[in-house]
Amino acid sequence: MKTKTPKLSDTDQVTAHIQKLEPQVAEVIEAIRQSILQVHPTIAEHIKWNNPSFYYNGPMKPFDPKEYKRDIAVMNLYKGRIMLVFPSGAKVNDPSGLLQGNYADGRRTCVFKDLTDFKNQEQHLHSILLKWLSLIEE
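Residues numbered from 1 in each chain as written. Predicted model: local features only at pLDDT ≥ 70, side-chain atom pairs only at ≥ 80, totals over all residues. Heavy atoms only, no water.

J.: Any chance you could explain the pattern of salt bridges here in plain terms?
T.: Proximity of charged atoms lets side chains of opposite charge pair with each other. For the structure shown, the criterion picks out five salt bridges. Across the salt bridge formed by Lys48 and Asp71, the nearest N and O atoms sit 3.0 Å from each other. Taken together, the residues Lys48 in strand 1 (residues 43–48) and Asp71 in strand 3 (residues 71–76) connect sequence positions 23 residues apart. Here Asp71 falls in the buried class, since its relative accessible area comes to 5%. A salt bridge links Lys119 to Glu122; the nearest nitrogen and oxygen atoms lie 3.6 Å apart. In this pair, Lys119 and Glu122 both sit in helix 3 (residues 115–134), three residues apart, roughly one turn of the helix. You can call Lys119 partly exposed: its relative accessible area is 47%. Taken together, the shared-partner salt bridges in this structure form one network comprising Glu30, Arg33 and Glu45. (Salt bridge = Lys/Arg side-chain N within 4 Å of Asp/Glu carboxyl O. Helix = DSSP H or I, 4+ residues; strand = E, 2+ residues; numbered from the N terminus. Buried < 20%, exposed > 50% of the residue type's maximum accessible area, 1.4 Å probe, protein only.)

Right, here's the structure in full:
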């Protein structure tokens, strides 16, 4: 009789994903991850679209799941670049200029070159996340 392997928790899945990355990239991803999770207790993490992502886990008014209203940011680690994609980033007023792009679907992105670049932009990222949370319709 086969024994079932217990499914990893969302947090454990993110940890396992990061551990498979190149050490230099993993270090930056882990720093970003910890920073985002410290912003507010309603920010949670999981793997979405094969990358670490962050979502709002608090109460919300009902909505069409295709609107992705819970999704805050998804990492895009394609070809070693460290990008955060904010599916509804256009809603956030970002005077810092960290959020870039003008996509018709309302998403915005930010790219971090390395750990130093992230640390230099960390407070802007926190500000964006707090503004995003303030726009939630509970």
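More follows now that the structure is in view.
J.: Quick question: what am I supposed to make of the packing of helix 1 (residues 10–19) against helix 2 (residues 23–39) here?
T.: The description of two helices packed together rests on the angle between their axes and the distance between the axes. Packing of helix 1 against helix 2 leaves a shortest axis separation of 10 Å and a crossing angle of 155 degrees. Relative to helix 2, the element helix 1 lies roughly antiparallel. The residues of helix 2 that touch helix 1, namely those facing Thr11, Val14, Thr15 and Ile18, are Ala26, Ile29, Glu30 and Arg33. Across the contact of helix 1 with helix 2, the residue classes tally to four nonpolar, two polar and two charged. (Axes fitted to C-alpha atoms, helices over the stretch in contact; angles between N-to-C directions. Parallel < 35°, antiparallel > 145°, perpendicular 65-115°, else oblique. Contact = heavy atoms within 4.5 Å. Nonpolar A, V, L, I, M, F, W, Y, C, P; charged D, E, K, R; others polar.)

J.: Just to check I follow, could you spell out the environment of Asp94 for this structure?
T.: With respect to the element layout, Asp94 can be found in the loop between strand 4 (82–86) and strand 5 (108–112). For Asp94, the residues in contact, after removing those within four places along its chain, are Leu99 and Ile128. Of the polar contacts made by the side chain of Asp94, one reaches the side chain of Ser96; its length is 2.5 Å. (Polar contact = N/O pair within 3.5 Å; in protein donor to acceptor, adjacent residues only side chain to side chain.)

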